[in-house]
Amino acid sequence: MDLKQLIADAYTRGRMIAVLPFVEKVLSGCKDTKVFKATNPMIAGILSMLAEIHAMPRLKLNISFVIEMTFKTFEVSLADVCPSAALRDLPRVQMHNPDFSALPEAKAPAGAALNPALVPPGAPPALTPPPGAMAGAAGAAAGGAAGPP
């Protein structure tokens, strides 16, 4: 099983949240062997790839924790491993990716009206009435007749 390819595939598909704990469990079973130490080129490549992932912005905390636990298993510090560049040029699912937290939304000015074309589906309706609707209601409340003039 090629764990580096498995990690790269999980990165592109947004499945690291499930794959990295699996990789950590597989590698934790290898820690006491004579062959699979942190100096092994295969293990060093995987750790380098994990260091690259750990340095990415907006990474979910549980993924970061799993990576730190993997390094602790091999008694290696994240600072001691040079991050790879294997994932940098790979395409990645951007929308609804469970591996990364969402970008903070830009705050609109206080009096800005919502553009209905930009409101995502399932968003709650705007609580402000459309412009001009309040003028008719104010005239009726002041004692005027209801209906058009």
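See above for the structure.
The structure contained in this document is the topic of the report that follows.

Rules and cut-offs
Residues numbered from 1 in each chain as written. Predicted model: local features only at pLDDT ≥ 70, side-chain atom pairs only at ≥ 80, totals over all residues. Heavy atoms only, no water. Helix = DSSP H or I, 4+ residues; strand = E, 2+ residues; numbered from the N terminus. Contact = heavy atoms within 4.5 Å. Areas by Shrake-Rupley, 256 points an atom, 1.4 Å probe, with all protein chains shown as cover. Phe/Tyr/Trp six-rings, centres within 6.5 Å; stacked < 30°, edge-to-face > 60°. Lys NZ or Arg CZ within 6 Å of the ring centre and 35° of its normal. Buried < 20%, exposed > 50% of the residue type's maximum accessible area, 1.4 Å probe, protein only. Axes fitted to C-alpha atoms, helices over the stretch in contact; angles between N-to-C directions. Left-handed = near helix turned anticlockwise from the far one by under 90°. Nonpolar A, V, L, I, M, F, W, Y, C, P; charged D, E, K, R; others polar. Core = buried A, V, L, I, M, F, W, Y, C linked by side-chain atoms within 4.5 Å. Parallel < 35°, antiparallel > 145°, perpendicular 65-115°, else oblique.

1. Observations concerning the overall build of the protein
On a plain count of helices and strands, the protein comes out with five helices and zero strands. Taken from the N to the C terminus, the helices and strands of the protein come in the order α-α-α-α-α. Counting contacts in the protein only where the partners sit at least 6 residues apart, residues at least 24 apart contribute 71% of the total. Carbon and sulfur atoms make up 64% of the accessible area of the protein, which totals about 10,400 Å².

2. Some points on the packing of aromatic side chains
Under the definition given, this model contains zero aromatic pairs. Residue placement shows R92 over the ring face of F100; its charged tip is 4.0 Å from the ring centre.

3. Here we look at the environment of F22
Inspection of the secondary structure assignment puts F22 in helix α2 (residues 16–28). When its relative accessible area of 38% is taken as the criterion, F22 is described as partly exposed. Taking the C-alpha atoms as reference points, F22 and L3, 19 residues apart in sequence, are found 9.8 Å from one another. Not counting chain neighbours up to four residues away, the residues in contact with F22 comprise M1 and L6.

4. Topic: the packing of α2 against helix α3 (residues 41–54)
Running from N to C, α2 and α3 point in directions that differ by 145°, and their axes come no closer than 13 Å. Where α2 crosses over α3, the handedness of that crossing is left-handed. Only I43, I46, L50 and I53 of α3 make contact with α2, whose side of the interface consists of M16, L20, V23 and L27. By residue class, the composition of the contact of α2 with α3 is eight nonpolar, no polar and no charged.

5. Quick notes on the nonpolar core
Membership of the largest hydrophobic core comes to 27 residues, with the highest contact counts inside it found for I7, M16, L20, L50, I53 and I67. At seven residues, α3 tops the list of elements feeding residues into this core. For L50, the contacting residues outside a window of four places in its chain are I7, L20, I67, T70 and F71.

6. Some remarks on the packing of α2 against helix α4 (residues 61–73)
As a packed pair, α2 and α4 sit with axes 10 Å apart at the nearest point and diverge in direction by 10°. When the axes of α2 and α4 are compared, the pair comes out roughly parallel. Regarding α2 and α4, the two cross each other, and that crossing is left-handed. Facing M16, I17, L20, P21, E24, L27 and S28 of α2, the residues of α4 in contact are N62, I63, V66, I67, M69, T70 and T73. Residues that form the contact of α2 with α4 fall into these classes: nine nonpolar, four polar and one charged.

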